[in-house]
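One-letter residues, chain by chain:
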Amino acid sequence: MRTGLRALTLLLSAAIFVVGSVIGFRMLTASPEEAAAAETCTSSVVAAGSPLDSNVVTVNVFNASNRSGLANRVRIDMQANGFLGGQIGNSTSATKPKKVAILTGDKDDPRVKLVAAQFRDKVEYAAPDIPVESGITVVVGDRYRGLKTGATTTIETDRDISVCVPVVPLP
């Protein structure tokens, strides 16, 4: 009887091992579950005559200078003033400012005015000639000197402005 019990125990252990191996292999090679894409922002409108805050304006910064990392430094400084950080990189624009330029078709846009108010230097304006997803596009040159200390982070808008308010997902 002891040999029969040992054989049964050995057979049961082997079966558990095989089943566990098959399940483990399936789990190891299974595709991960795709998480539902969470919204990154909620569309909203800032009505004419209302204050437009920097925390709803995205700024893309491109480096047209020989200074390595300048676009990243400018984006970090703009984020310290409450702006949303957009794309950064080396500029492929035909616009080569000595100091700073904003690529826009409407320099009277309140978002453009608010971004322009951040810089120590006189801002040049040029037509956009590089693709960006959204936001205000800034190109910095070799003589860029930085942001103004205590620059305003709010401007009264003279028109309705559609903005994307960031959504912070809670765990």
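Residues numbered from 1 in each chain as written. Predicted model: local features only at pLDDT ≥ 70, side-chain atom pairs only at ≥ 80, totals over all residues. Heavy atoms only, no water.

Put simply, the largest pocket is a space of about 340 Å³. Val-56, Thr-58, Leu-84, Ser-134 and Cys-164 are the residues nearest the centre of the largest pocket, which is lined by 14 residues in total. (1 Å grid on protein atoms, 1.4 Å probe; cavity = no way out; pocket = protein on both sides within 12 Å on 5 of 7 lines; lining within 4 Å. Points joined across faces, edges and corners; volume = space filled by probe spheres on them.)

It is characteristic of soluble globular proteins that their nonpolar side chains tend to be buried jointly. Within the largest apolar cluster, 26 residues are counted, with the highest numbers of intra-cluster contacts made by Val-115 and Phe-119. Broken down by secondary-structure element, the contributors of at least two residues to this core are β3 (58-63), α2 (70-80), β5 (100-103), α3 (110-116), β7 (136-140) and β9 (161-166). Those residues in contact with Val-115, other than ones at most four positions away along the chain, are Val-57, Val-59, Met-78, Phe-83, Ile-102, Ile-136 and Val-138. Phe-62, Leu-103, Ala-126 and Ile-130 belong to the second largest nonpolar core, which has 5 residues in total. (Core = buried A, V, L, I, M, F, W, Y, C linked by side-chain atoms within 4.5 Å. Buried < 20%, exposed > 50% of the residue type's maximum accessible area, 1.4 Å probe, protein only. Helix = DSSP H or I, 4+ residues; strand = E, 2+ residues; numbered from the N terminus. Contact = heavy atoms within 4.5 Å.)

What follows covers helix α1 (residues 2-29). Across its 28 residues, α1 extends 41 Å between first and last C-alpha, which sits within 8% of the 40 Å expected from 1.5 Å per residue. Little of α1 is tucked away: 0 of the 28 residues are buried. (Expected span 1.5 Å × (residues − 1).)

Evaluated as defined, the whole model comprises 5 salt bridges. Residues Arg-111 and Asp-109 are paired through a salt bridge, measuring 2.7 Å at the closest nitrogen-oxygen approach. With relative accessibility at 25%, the residue Arg-111 sits in the partly exposed group. Across the pair Asp-121 and Arg-145 runs a salt bridge, and its minimum N-O distance is 2.6 Å. Remark: Arg-145 occurs in the loop between β7 and β8 (154-156) and Asp-121 occurs in the loop between α3 and β6 (123-126); sequence separation between them is 24 residues. (Salt bridge = Lys/Arg side-chain N within 4 Å of Asp/Glu carboxyl O.)

In terms of residue burial, β3 counts as a mostly covered element, since 5 of its 6 residues are buried. Considered for its hand, the β-α-β crossover made up of β3, α2 and strand β4 (residues 84-90) is right-handed. For β3 and β7, the ladder comprises 5 bridges, and the chain directions are parallel. Bridging from a neighbouring strand, Asn-60 pairs with Thr-137 of β7. (Right-handed = clockwise from strand over helix to strand, strands pointing away. Pairing = 2+ DSSP bridges.)

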